[in-house]
Amino acid sequence: MLFNSYLFIFLFLPTVLIGYYVINFFEMYRIANLFLIGMSFWFYGYFHPSYIGIISSSIVVNFWIAKKMDRGGVDQKVWMKRLLLTVGICMNTAVIFYFKYYNFFIENINAVFHRSFEMKQILLPLGISFFTFQQISYLVDAYRGETKDYGFDEYALFVSFFPQLVAGPIVLHNEVIPQFRRQENRYVIMQNLARGVYIFALGLFKKLLIADTFGKAVAFGFENIETLSSMEALLVSVSYTFQLYFDFSGYCDMACGIGYLFNIKLPQNFNSPYKAASITEFWERWHMSLTRFLRTYIYIPLGGNRKGKIRTYVNIMIVYIVSGIWHGANWTFIFWGVLHGAFSCLNRIFQKTWDRMGEVTRWALTFMLVNVLWILFRADNITSAKLFLVKLCCMSGFEIRQEIYQFFSLPELVWMGKLPFIEYILSRVTGFYLWVFVLGAFFVVLNCRNSRETEFQPTVVTSLTTVVLMVWSVMSLSGVSTFLYFDF
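The present account deals with the structure reproduced in this document. Keep in mind it's a predicted model, so treat the numbers as computed, not measured.

Comments concerning the side chain of Ser-384
Item 1. One can find Ser-384 in helix α16 (residues 382-393).
Item 2. Using a relative accessible area of 18% as the deciding quantity, one classes Ser-384 as buried.
Item 3. Contacts of Ser-384, omitting those with residues within four sequence positions, involve Ile-225 and Ala-379.

So, in structure tokens, the structure goes:
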């Protein structure tokens, strides 16, 4: 099920909210947990009921392994706990490998060794990378003895809570389970309800009106790379940069907004990453929960920066390669991760020189680098990425087709174009709406505070803003599109 659908907004969300708070009103807290788990399973298995069996099995097996480690206590032999942890991590990794990378592995084996092993028709479960990483973190914490008193319903709710289930953030048990345990969180808190609706409306607007509009130009550009002029290639690459930003930012806002509706504060996952003035800072702001997971459960156990410079750079490269592989079964993602790792190492090596550059220069270089690397992230294969880069750099022309302009002519904007002042501008500026979107997006990502930075106040202005954003977004729901990070 999608956040940006009539079914979710008008049926699922009201049903789960009313049901959850009514059950809690009668102080049946465990039943409320089970209800929320069941509704989360409905949300997850809406398109493919088989998904429910996969996530249910994963939850049961991981909880059993964690409890095995817990029950041994201090008397349990260390080697036994390590064995259980190793089995758990290998099992979770094997599940991801099969569903996400099996065909990629077979395809490369066939290409390298000239074999003809048969590919399988494997349906990739939504969000499997997210809830699997979440459970790996739980196993590690169970090994450390930090999860002793959790019940099965609490663990299942921690994994399956639908706002963060399919595209993050990757939460830790000690961030959400204690919040579900607080009795005051079991009842409606009007401040959180108002804030949740506002943030949800803001995220829905970002997704439907901004990200999806840029997405039309992106889809056209990457389907017609051979015919793009250099200016069109530049516009398409910038459009993807903004599509991905507002799509992921919109999802994070919607997830956090829904969390507030249940009085649950999810960890921040997106902190205005295009304000970053280095690749390192970019990753401190982009997909923050993934960065935290990779740092906590891979980089630090490998030794972090404690074993010399060379080992530090090797560890950084390992983390970024894992990040690339995590994002998808394609060489484009692997090279994307390798390049981000390489530039992060260079940033560390030349840190003093970099810091002496002006802030605007550092930001501009970082933004251009991120924008170019997103081409690898979006391209279907390495060949397409290379062709796109050639089109971008060869200075083959500055014309822009009318088709690309039309993607940004939203009905609402066309209606406003009938106003005398706007009509005059339209007659003088070619592709006016396109430039409004591009320049407006630049202004927003560089100057506006994100939802976590703003202090929410339920004022008349905030209420009107929420209503306008919600109504405008709902009226734009004629075509439903998935979130980009659903693919990961």
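Here's the deal with helix α5 (residues 128-143)
Item 1. The end-to-end C-alpha distance of α5, which contains 16 residues, comes to 22 Å, matching closely the 22 Å that a straight helix rising 1.5 Å per residue would cover.
Item 2. Most of α5 is tucked away: 15 of the 16 residues are buried.
Item 3. Gly-145 sits one or two residues past α5 and shows a positive phi near 80°.

Observations concerning the packing of aromatic side chains
Item 1. Tallied over the full model, the rule gives 69 aromatic pairs.
Item 2. Here the aromatic rings of Phe-63 and Tyr-155 are separated by 5.4 Å at their centres, their planes lie at 40°, and the arrangement is tilted. Of this pair, Phe-63 sits in helix α3 (residues 50-71) while Tyr-155 sits in helix α6 (residues 152-160), and the two are 92 residues apart along the sequence. The residues Phe-63 and Tyr-155 share a single accessibility class, namely buried.
Item 3. A centroid spacing of 5.9 Å and a plane angle of 85° characterise the contact between Phe-162 and Phe-262, whose relative ring orientation is edge-to-face. A residue pair is termed long-range when its members are at least 10 positions apart, and Phe-162 in the loop between α6 and α7 (173-181) and Phe-262 in the loop between α9 (230-261) and α10 (279-285) qualify at 100 residues.
Item 4. With relative accessibility at 0%, the residue Phe-162 sits in the buried group.
Item 5. On the accessibility criterion, Phe-262 (0% relative accessible area) is buried.
Item 6. Above the face of the Tyr-102 ring, Lys-120 is positioned so that its terminal group lies 5.0 Å from the ring centre.

Observations concerning the pattern of salt bridges
Item 1. Applying the stated criterion to the full structure yields ten salt bridges.
Item 2. With its nearest N and O atoms 2.7 Å apart, the salt bridge here joins Lys-206 to Asp-253. Note that Lys-206 is positioned in helix α8 (residues 190-223) and Asp-253 in helix α9, a separation of 47 residues in sequence.
Item 3. Its salt-bridge partner being Lys-207, residue Asp-247 comes within 2.7 Å of it at the nearest N-O pair. Placement of the pair is Asp-247 in helix α9 and Lys-207 in helix α8, with a sequence separation of 40 residues.
Item 4. Residue classification places Lys-207 among the buried residues on the basis of a relative accessible area of 1%.
Item 5. Among the charged side chains, a network of salt bridges with common partners joins Asp-149, Glu-154 and Arg-181.

Rules of the game
- Residues numbered from 1 in each chain as written.
- Predicted model: local features only at pLDDT ≥ 70, side-chain atom pairs only at ≥ 80, totals over all residues.
- Heavy atoms only, no water.
- Helix = DSSP H or I, 4+ residues; strand = E, 2+ residues; numbered from the N terminus.
- Buried < 20%, exposed > 50% of the residue type's maximum accessible area, 1.4 Å probe, protein only.
- Contact = heavy atoms within 4.5 Å.
- Expected span 1.5 Å × (residues − 1).
- Phe/Tyr/Trp six-rings, centres within 6.5 Å; stacked < 30°, edge-to-face > 60°.
- Lys NZ or Arg CZ within 6 Å of the ring centre and 35° of its normal.
- Salt bridge = Lys/Arg side-chain N within 4 Å of Asp/Glu carboxyl O.

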